[in-house]
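Remarks on the overall topology
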Amino acid sequence: MQTPNSDYLLSNCLYFTASRFARQMEKLAGEAFASINIPPSYAYLIITLNDHPGITQKELCEKLTIAPSTSTRFIDKLVKRNLVERNPDGKHILIYLTEEGKSLCKEIYESLNQIYLRHSEILDKNHSQQLINLLHEASELMERNNK
């Protein structure tokens, strides 16, 4: 068997290509979120809490497909910034946005829209939507088969 050269591997490797694309998306997201001083990953947690007030950490992890340790770190930082609060309810801790957290949602949606408009402009709107759909489907298949 002949070993493929690096040029071939770099253009035909899903891991490398996905990582390369993710770095470009991180750059777009960083630019879009710079004005509100919230990392995009935290923004998704905030908008999820806005849509699901009183959610448990376990439910939040499932919705965002993140590890409990990651959600704890995110929540702790947002609590320190007075954007999120934890409220005990029996054996559960329910997570809510504070009024300050709720007031950020409009800016978060505007930043997310900036990302969407920018990648739609760069990739063409139809191509961009196809890529979103393919990546979503591929992510779900990978999650189901990597448990």
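For clarity, every value in this text was computed on a predicted model and none was experimentally measured.

**So, the packing of helix H3 (residues 40–51) against helix H5 (residues 68–80)**
Contact geometry of H3 with H5 gives a least axis separation of 11 Å together with a crossing angle of 80 degrees. Relative to H5, the element H3 is oriented roughly perpendicular. Where H3 abuts H5, its residues Ser41, Tyr42, Leu45 and Ile46 lie against Phe74, Ile75, Lys77 and Leu78. Residues belonging to the contact of H3 with H5 are distributed by class as follows: six nonpolar, one polar and one charged.

**Concerning the sheet that holds strand S3 (residues 92–97)**
Strand order across the open sheet formed by three strands is S1-S3-S2, with antiparallel pairing between neighbours. Of all the strands in the sheet, just strand S1 (55–56) and strand S2 (84–89) have a single pairing partner and so form its edges. In this sheet, S3 lies alongside S1 in antiparallel orientation, the contact comprising two bridges. Within the sheet, the bridge partner assigned to Thr56 lies in S3 and is Leu94. Across the sheet, H3 touches S1, S2 and S3, and the angle it forms with S3 is around 105 degrees. Its contacts with the sheet place H5 against S2 and S3, and it is angled at close to 110 degrees to S2.

**Side note on the side chain of Ser128**
Of note, Ser128 is situated in helix H7 (residues 125–145). One polar contact links Ser128 to His119, side chain to side chain, over a distance of 2.5 Å. The contact partners of Ser128, leaving out residues within four places of it in the chain, are His119, Ser120 and Leu123.

**A few points about the side chain of Thr48**
Within the secondary structure, Thr48 sits in helix H3. A distance of 2.7 Å separates a polar atom in the side chain of Thr48 from the backbone oxygen of Tyr44. Aside from chain neighbours lying at most four places away, what touches Thr48 is Leu60, Lys63 and Leu64.

Rules used throughout
Every chain begins its residue count from 1, and numbering advances along the sequence as written. The predicted origin of the model limits local features to residues at a pLDDT of at least 70 and limits the giving and counting of side-chain atom pairs to 80 or more, whereas totals for whole chains, interfaces and linings rest on all residues. The side-chain numbers reported here are obtained from all heavy atoms of the structure, hydrogens and water having been left aside. To get an axis, fit a line to the C-alpha atoms, keeping to the stretch in contact for a helix; angles then go from 0 to 180 degrees between the N-to-C directions. Secondary structure elements follow DSSP: runs of H or I no shorter than four residues count as helices, runs of E no shorter than two count as strands, and numbering proceeds from the N terminus. Convention used here: angles under 35 degrees read as roughly parallel, angles over 145 as roughly antiparallel, angles from 65 to 115 as roughly perpendicular, and any remaining angle as oblique. For this analysis, residues touch if any pair of their heavy atoms sits within 4.5 Å. Residues are grouped as follows: Ala, Val, Leu, Ile, Met, Phe, Trp, Tyr, Cys and Pro are nonpolar; Asp, Glu, Lys and Arg are charged; all remaining types, including Gly, are polar. We call two strands paired when DSSP finds no fewer than two bridges between them. As used in this structure description, the phrase polar contact means that two N or O atoms lie within 3.5 Å; if the pair is within protein, one of them must be able to donate a hydrogen and the other to accept it, and residues adjacent in sequence are counted only when both atoms belong to side chains.

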